[in-house]
Each structure stands twice: as C-alpha cells, then as structure tokens.
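Working through the structure, step by step
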Amino acid sequence: MNGLVGSGSYSQEGLLELARGLGCSGTLAVRFSAGTRLLLIDGGKLKNSFEVGAPGDPSEMGVEYHFEPAPSAADLPQLSTPYPGTVLAVMKALPMFGPAQPLPPGLVDLRALVNRAREDSLTAALAVEVEKEHGIALFHRGRIGAAYFEKGGHVWEHSDALRAIYRYSLEAGRPAMQLHHTDDAMMRSLLGLALERRAAAGDPNSFTGITAGEGGFTYYCDGRAYLHQSAPLKGVTGRFTPLESVPDLELPDDPPGWESRRYDLTLRGRDALNPMTELSMSFTDDYGQSGRRVLEAVRRGLTIEDAAARLDLDLQALKPWLERLEADGLIRPRR
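For clarity, every value in this text was computed on a predicted model and none was experimentally measured.

1. Some details on the packing of helix 8 (residues 304-311) against helix 9 (residues 315-327)
- The contact between helix 8 and helix 9 brings their axes to 10 Å, and the two run at 110 degrees. Here helix 8 is positioned roughly perpendicular relative to helix 9, judged by the angle of their axes. Here I304, E305, A307, A308 and L311 of helix 8 come into contact with helix 9, specifically with L315, L318 and L322.
- Tallied by class, residues from the contact of helix 8 with helix 9 come to seven nonpolar, no polar and one charged.

Here it is, written out as structure tokens:
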C-alpha cells in the first residue's frame, strides 16, 4: 500500500483544498458515516468522482481518508493492495478507504466479536497478516460469508479458516488483526470473487462485480468501472458477479488448539499397517485406502492440522476418521 491513510477533523472539501494547494494527482478515498466517495485528482483539480455505497455529505467532519498518488493521465481511481504478499485473491482485492480498526490478539475475544457482528449487522473484512500467514473473514450484515487462511503453502477454507483465525486471536503479542469496513454492495462483489461466482456471457455494459486480470482488479457497477486495485496476480482471471445469497459460517466449537494435537499408534494400530498381519487385511476391508492414509499420517507424528493438509482434507472431514480410529483402539492422543 502506498500513499497517506488517516482520519481527523477534516471534511471532503478540506482534503480537496489541501490537494489543490499541493498540486497533487492521484486518488482520494473519503469515507463518510454512510458511504465512500472516490475522487480522481489531476494536478490538484477534481477530475471525476465516484460513489461507493450511500452518498456522503462533503461537509461532514471527522472523515477517514486514503490518498494515493498516481500519474495525472489516470482516468480511473486507483489504489494499490494493502496485502501484496498473500496468495488469497480476495485479500489482494480488498480496498482500503481509510484506516483499518486494529484488534489486538489476546485482548479481543473473537467469539464475542462474531456475536456482536451479528447484533450490529456488521459489513466488514477481518484480516490477519504476520510473516507468511494471511487470513481473512468476510462479514456481510453480520453473516460470515467466506473465510480463508494461508499458512505454509496451504490454504484453509471456511470453518477451518475461522478456526485458524480464532487460534491467532488467542495468541497475545502477535500483530493486531485489522477490521476493514465497507459497504454492502462492495462486500457482495468481494464474496463473489472469494467464492468464484464467475459471470455468464452477457452485456458488459450492464456488468456489476469485479474483473481480475493483468495488473489487478477492477470494480464495476452497471457497466461503469469505478476503481482499479493494483495487485500482483497469478492464475486469477475473469469476471465475478456479486453474491446474492450469502452463506453463514460459524466458528467451530472444538477446544482452542485442537488442531495442534497429535496422536500415536497403539500396538493394534501398528499391526494394522503391518502387511504381515491378519489385522492389516481386515483393516483395509473395513477402512479402505482412505482410512489407511489417515493412519499412516498419524504414524508420521503430524499434528491434526498438518495431517489434514497432507491428506488434502478439511479438518471437519478428518475429525470423524480420528474419532473412529481412536474408538477402535488403533490410535490414542499423545500426552
């Protein structure tokens, strides 16, 4: 992310006057209490403006803003992604129209936050970034429509991603999570991108949503482009339409850190993997190759999370296998 992000006792007109005095060229995003206005500035003069969400009052004081310089030849508001290091397309596409709200891990109860989001009908994105870990949860009117968490080259999705974000929120001292507020229409477009709701062939003059291509993402409303978000892209192209029916994910109710546990094979479990035993033959009949792969992952000493990644399974899909193997006396929790 480049430019200047802040808030204070400013109005849109005050920010424009400052841009005029400095002779700036670029994009000024001004977030009001009701919506956001994107202002394209050329040499300190207003070239064009675009509304995002409900129209704002230019005289409103105490607005939040983001100014990003750009060449004077630009004909569309342009911002750069605040998260260039992630592989998550929707996280790269998330625009920053003002300062994000920091939520320090260890001090913020994520379960309470989710409950409060439902009560307040929150529309925002919760983002996590630390070293090589990135996570995002998209709230639309209090519902969690999608969630992703990237770690160690693997991407967890939906409930598994929420579990990872929840675990992160419990680790005091880590960088703050960031809450990015946006409007309902833009969030539906982000959810369409996140869940890969590709547009069918139709009239491009009426397209609403996000296009992904070389150089980043472009936002459209009724065929009119209103924002380009520059971001490094790899393997993500096409047109994505807004999501109409938003899912409602819930935080898993497993104890915190459940996915970090390990299991050991019992003597019976070791026999099940020994092709010289009768148990090995009956095990394959009863559990199939999928069960054998799970048992072999346990033998490697992997955590539940790493085993799920190795097996390309959701954690919730792996859990019944572990419960069954434990009930049959083939594995036991490592103490």
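Text resumes after the structure shown.
2. Looking at the side chain of T123
- Tracing the sequence through the fold places T123 in the loop between helix 3 (110-120) and strand 8 (124-130).
- Given the relative accessible area of 8%, T123 is considered buried.
- Of the polar contacts made by the side chain of T123, one reaches the backbone nitrogen of R141; its length is 3.0 Å.
- A polar contact of 2.7 Å, which involves the side chain of T123, links it to the side chain of D184.

3. Some details on the pattern of salt bridges
- Applying the stated rule across the entire model yields twelve salt bridges.
- Between R167 and E259 there is a salt bridge; the shortest N-O distance is 3.2 Å. With R167 in helix 4 (residues 158-169) and E259 in the loop between strand 16 (238-240) and strand 17 (263-265), this pair connects stretches of sequence that are 92 residues apart. Pair check on accessibility: R167 and E259 agree, each one buried.
- Note that D264 is salt-bridged to R334, the shortest N-O span being 2.8 Å. Here the residue D264 occupies a position in strand 17, and R334 occupies one in the segment after strand 18 (331-333), the gap between them amounting to 70 residues.
- One salt-bridge network, in which partners are shared between bridges, spans K151, R167, E259 and E305.

4. Re the environment of T218
- Looking at the element boundaries, T218 is found in strand 14 (residues 216-221).
- Through-space distance from the C-alpha of T218 to that of D75 is 13 Å; in sequence the pair is 143 residues apart.
- If we ignore the near neighbours within four places in the chain, the residues touching T218 are L76, G209, I210, T211, A225, L227 and H228.
- Side chain to side chain, T218 and H228 meet in a polar contact 3.0 Å long.

5. Describing unusual backbone geometry
- For R141, which is not a glycine, the phi torsion comes out positive at approximately 50 degrees.
- By the element assignment, R141 lies in the loop between strand 9 (133-140) and strand 10 (143-151).
- Judged by its relative accessible area of 48%, R141 is partly exposed.
- One non-glycine residue with positive phi stands out, namely D312, at about 55 degrees.
- Relative to the helices and strands, D312 is located in the loop between helix 8 and helix 9.

6. Focus: the packing of aromatic side chains
- Under the criterion given, the structure shown has four aromatic pairs.
- Centre to centre, the rings of Y219 and Y226 are 6.0 Å apart; their planes meet at 45 degrees, and the pair counts as tilted.
- You can call Y219 buried: its relative accessible area is 0%.
- Within the aromatic cluster, the residues linked to one another by ring pairs are F283, Y287 and W321.
- Between R239 and the ring centre of F207, over which it is positioned, the NZ or CZ distance is 4.8 Å.

7. Details of helix 8
- Along helix 8, the positions that sit buried rather than exposed are I304, E305, A307, A308 and L311. The buried residues of helix 8 occupy an angular sector of 165 degrees when the element is viewed end-on, so they sit on one face.
- For helix 8, the secondary structure elements touched by its buried residues are strand 10, strand 11 (154-157), helix 4, strand 17, helix 7 (278-299) and helix 9.
- Positive backbone phi, at 55 degrees, marks D312, one or two positions downstream of helix 8.

8. Considering the sheet that holds strand 2 (residues 26-31)
- With respect to topology, five strands assemble into an open sheet ordered 1-5-2-3-4, the strand pairing being antiparallel. Two strands in the sheet have a free side with no partner beyond their single neighbour: strand 1 (4-7) and strand 4 (45-53). Neighbour to neighbour, the strand axes of the sheet diverge by 15 degrees on average, direction disregarded.
- Relative to strand 5 (residues 64-69), strand 1 is paired through four bridges, and the arrangement is antiparallel. Bridge pairing in strand 5 places L4 opposite F67.
- On top of the sheet, helix 1 (residues 12-22) reaches strand 2, strand 3 (35-42) and strand 5; it is set at about 20 degrees to strand 3, its chief contact.

Parameters and conventions
- Residues numbered from 1 in each chain as written.
- Predicted model: local features only at pLDDT ≥ 70, side-chain atom pairs only at ≥ 80, totals over all residues.
- Heavy atoms only, no water.
- Axes fitted to C-alpha atoms, helices over the stretch in contact; angles between N-to-C directions.
- Helix = DSSP H or I, 4+ residues; strand = E, 2+ residues; numbered from the N terminus.
- Parallel < 35°, antiparallel > 145°, perpendicular 65-115°, else oblique.
- Contact = heavy atoms within 4.5 Å.
- Nonpolar A, V, L, I, M, F, W, Y, C, P; charged D, E, K, R; others polar.
- Buried < 20%, exposed > 50% of the residue type's maximum accessible area, 1.4 Å probe, protein only.
- Polar contact = N/O pair within 3.5 Å; in protein donor to acceptor, adjacent residues only side chain to side chain.
- Salt bridge = Lys/Arg side-chain N within 4 Å of Asp/Glu carboxyl O.
- Phe/Tyr/Trp six-rings, centres within 6.5 Å; stacked < 30°, edge-to-face > 60°.
- Lys NZ or Arg CZ within 6 Å of the ring centre and 35° of its normal.
- Arc of directions from axis to C-beta.
- Pairing = 2+ DSSP bridges.

These figures capture arrangement, not role.
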